[in-house]
Amino acid sequence: MSAFFAWLGQLPALAQIPIIVLAFVALVGAILFFVEIAPRSGKIYTVVRLVVCVAAPLLVLLAAGSYWWAAAAAAVLGGVFFIVDYRSRSGAGYLFQLVGFLAPAILLLVIGLVIPTIQTTVQSFMNSRGTAFIGFDNFVWVFTQPEAIRTVLNTIVWVLVAPLVSTIAGLAYAVFIDKSRGEKYFKIMVFMPMAISFVGASIIWRFVYTARPADQNQIGLLNQIVVWFGGRPIDFIANEPWNTLFLIIVLIWVQTGFAMVVLSAAIKGVPAEQMEAAELDGTNAWQKFTNVTVPGIRSALIVVLTTISIASLKVFDIVRTMTAGANDTSVIANEMYTQFKNFELGRSAAFAVVLFLLVLPIVIYNARQIQKQREIR
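Computed from a prediction, not measured in an experiment: that's the story for all the values here.

Analysis parameters
- Residues numbered from 1 in each chain as written.
- Predicted model: local features only at pLDDT ≥ 70, side-chain atom pairs only at ≥ 80, totals over all residues.
- Heavy atoms only, no water.
- Helix = DSSP H or I, 4+ residues; strand = E, 2+ residues; numbered from the N terminus.
- Buried < 20%, exposed > 50% of the residue type's maximum accessible area, 1.4 Å probe, protein only.
- Contact = heavy atoms within 4.5 Å.
- Areas by Shrake-Rupley, 256 points an atom, 1.4 Å probe, with all protein chains shown as cover.
- Phe/Tyr/Trp six-rings, centres within 6.5 Å; stacked < 30°, edge-to-face > 60°.
- Lys NZ or Arg CZ within 6 Å of the ring centre and 35° of its normal.
- Axes fitted to C-alpha atoms, helices over the stretch in contact; angles between N-to-C directions.
- Nonpolar A, V, L, I, M, F, W, Y, C, P; charged D, E, K, R; others polar.
- UniProt positions renumbered as here; feature names shortened; annotations may be inferred.
- Parallel < 35°, antiparallel > 145°, perpendicular 65-115°, else oblique.
- Left-handed = near helix turned anticlockwise from the far one by under 90°.
- Core = buried A, V, L, I, M, F, W, Y, C linked by side-chain atoms within 4.5 Å.
- Patch = residues over 30% accessible without salt bridge, like charges linked within 9 Å, V, L, I, M, F, W, Y side chains within 5 Å.
- Salt bridge = Lys/Arg side-chain N within 4 Å of Asp/Glu carboxyl O.

Engineer: Got a minute to help me understand the overall build of the protein in this structure?
Structural biologist: Summing up its helical and strand segments, the protein has 17 helices and 0 strands in all. A buried classification covers 32% of the 377 residues belonging to the protein. Expressed as a percentage of contacts within the protein between residues at least 6 apart in sequence, the contacts between residues at least 24 apart total 63%. Roughly 22,900 Å² of accessible area belongs to the protein as shown, and the carbon and sulfur atoms make up 70% of that amount.

In structure tokens, the structure reads:
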């Protein structure tokens, strides 16, 4: 293909115009093929699809200069597509419809996810310049260096604290304001931080935590309150190990609105008959909440917990904006960027693989829960 474009670039501008026009016509023809011809049934359309199956790989590989490969690919792919297409619903071309609809999504998925994942995994077993295979040395470094271990532990703290507190706070808020006067205004106030980017939220909270010397006016809200009560200013984001928790508060502040909205909608979906039956049985408010409301919103709770857990695992903006990983606050995503910036490509890729392995079980669990819900329905 590169040889074709190189040959095209050598042609005069006037000679390139008809080739570009023909390419555009071919593209339009391909679109019309998938829209008009592929869905039709009948022998003539089956023959047309067979020709396309054979011609497509033939033309592509011929343009790349691989003549024998072009012939082999045309024969194999053409035969396979023809057999599958001919056997699918009387040869009505449903295979081509499926390919036509899914091809853009599959292409973007392969380019944006599959290929980078493979490249990153391979890079994690290479040296800092990506020129030599060094096995598991990068992973050994991640789990033996004190600063790297601290990074992994900080990430675990994020994923344990932020989802749990955000979900509990969002659930409590959703329950207390449900069907109350001014409910929509209360929801707006809690949901507003969701409209702010993580970087914007980090800047806001950095001002909240800002500390100045005791003899100067405080511009940080918390330290001004401390001074009003006769205390001395505290550098919250430099005070180990509590600084990590102060950073987690930023994510909780942002994600609580998300949890509240999802759980509030789920609570409204709990059948009123179940609530009335619980009241007739003489249950109090807490028993009704634990025995009726919580089981009724279990699927929503799982979605909220897993979504915030994934956000906590890959958090980067908050840490990078507020501390840049200083004072033992770094997390895996931030350390991945730091190693990459320091031209340690292998270690950066190793952190990326560790992050991927931590996220993967949560994604699989969420997918299984969604599948179970579909089976129940």
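Engineer: Teacher, can you tell me more about the packing of aromatic side chains here?
Structural biologist: Aromatic ring pairs are reported here in terms of the distance separating the ring centres and the angle at which the planes meet. Counted according to the given criterion, the structure contains 12 aromatic pairs. Their ring planes at 90 degrees and their centres at 6.1 Å tell us that Trp141 and Phe351 sit as a pair that is edge-to-face. Here Trp141, found in helix H6 (residues 137–142), pairs with Phe351, found in helix H17 (residues 345–376); they are 210 residues apart in sequence, far enough to count as distant. Aromatic pair Trp286 and Phe289: ring centres 5.7 Å apart, planes at 35 degrees, arrangement tilted. With Trp286 and Phe289 both in helix H13 (residues 285–296), this residue pair falls 3 residues apart, about one helical turn. Ring pairing ties together the aromatic residues Trp205, Tyr209, Phe236, Phe246 and Trp253, which thus form one cluster. A cation over a ring is seen here: Arg347 above Trp141, with NZ or CZ 4.2 Å from the ring centre.

Engineer: For this particular structure, what's the right way to read the packing of helix H8 (residues 183–191) against helix H11 (residues 242–268)?
Structural biologist: Any two packed helices are characterised by how steeply their axes cross, that is the angle between the axes, and by the distance between the axes. Two elements in contact, H8 and H11, have axes separated by 8 Å at closest approach and are oriented at 145 degrees. Seen from H8, the contacting residues are Glu183, Lys187, Val190 and Phe191; seen from H11, they are Thr256, Gly257, Phe258, Met260, Val261, Ser264 and Lys268. By residue class, the composition of the contact of H8 with H11 is 5 nonpolar, 3 polar and 3 charged.

Engineer: What should I look at first to understand the UniProt feature "transmembrane region" (unreviewed entry) in the protein in this one?
Structural biologist: Taken from the UniProt record, the annotation "transmembrane region" (unreviewed entry) applies to residues 13–35, 42–61, 98–118, 156–176, 188–208, 245–267 and 349–367. The distance from the first to the last C-alpha atom of residues 349–367 is 26 Å, and the span holds 100% helix and 0% strand.

Engineer: Which parts of the structure should I look at to understand the packing of helix H9 (residues 198–209) against H11?
Structural biologist: As a packed pair, H9 and H11 sit with axes 10 Å apart at the nearest point and diverge in direction by 130 degrees. When the axes of H9 and H11 are compared, the pair comes out oblique. As H9 runs across H11, the sense of the crossing is right-handed. Taking contact as the criterion, the partners of Phe198, Ala201, Ser202, Ile204, Trp205 and Tyr209 in H9 are, on H11, Phe246, Ile249, Val250, Leu251, Trp253, Val254 and Gln255. Along the lines of polarity and charge, the residues of the contact of H9 with H11 split into 11 nonpolar, 2 polar and no charged.

Engineer: Would you mind showing me how to read the side chain of Ser309 here?
Structural biologist: With respect to the helices, strands and loops of the structure, Ser309 is situated in helix H14 (residues 298–313). Here Ser309 falls in the buried class, since its relative accessible area comes to 11%. If we skip the residues at most four places from it in the chain, Ser309 touches Val159, Pro163 and Ile362.

Engineer: It is not clear to me how the environment of Ile362 should be interpreted in this structure. Could you clarify?
Structural biologist: Following the sequence through the fold, Ile362 ends up in helix H17. Expressed as a C-alpha distance, the spacing of Ile362 and Ser309, which sit 53 residues apart in the sequence, is 7.9 Å. With near-sequence residues (within four places) excluded, Ile362 lies in contact with Thr306, Ser309, Ile310 and Leu313.

Engineer: For this particular structure, what's the right way to read the nonpolar core?
Structural biologist: Side chains of nonpolar character tend, in soluble globular proteins, to be buried together. Residues Trp158, Trp205, Tyr209, Leu247, Val250, Ile318 and Met322 are the most contacted members of the largest nonpolar core, which totals 20 residues. For this core, the secondary-structure elements that each account for two or more residues are helix H7 (146–177), H9, H11 and helix H15 (317–322). Considering every element that reaches this core, the biggest residue donor is H11, with 7 residues. Residues in contact with Trp158, not counting those within four places in the same chain, are Pro163, Thr244, Leu247, Ile248, Leu251, Ser312, Val315, Ile318, Val319 and Val331.

Engineer: When you look at the environment of Pro116 in this model, what are you seeing that I'm missing?
Structural biologist: Relative to the helices and strands, Pro116 resides in helix H5 (residues 94–123). If we skip the residues at most four places from it in the chain, Pro116 touches Val110 and Ile111.

Engineer: I would appreciate a short explanation of a nonpolar patch on the surface in the present structure.
Structural biologist: Taken together, Leu107, Leu109, Val110, Ile111, Leu113, Val114, Ile115, Ile118 and Val122 make up a surface patch of nonpolar side chains, about 770 Å² in accessible area. Here Val122 lies in helix H5. Of the residues examined, Val122 reaches a relative accessible area of 48% and is grouped as partly exposed.

Engineer: Before we go on, may I ask you to explain the pattern of salt bridges in this structure?
Structural biologist: When their charged atoms lie close together, side chains carrying opposite charge are able to pair. Under the counting rule described, the total for this entry stands at 1 salt bridge. Close ionic contact of Arg347 with Glu344 constitutes a salt bridge, the shortest N to O distance being 4.0 Å. Using a relative accessible area of 23% as the deciding quantity, one classes Glu344 as partly exposed.

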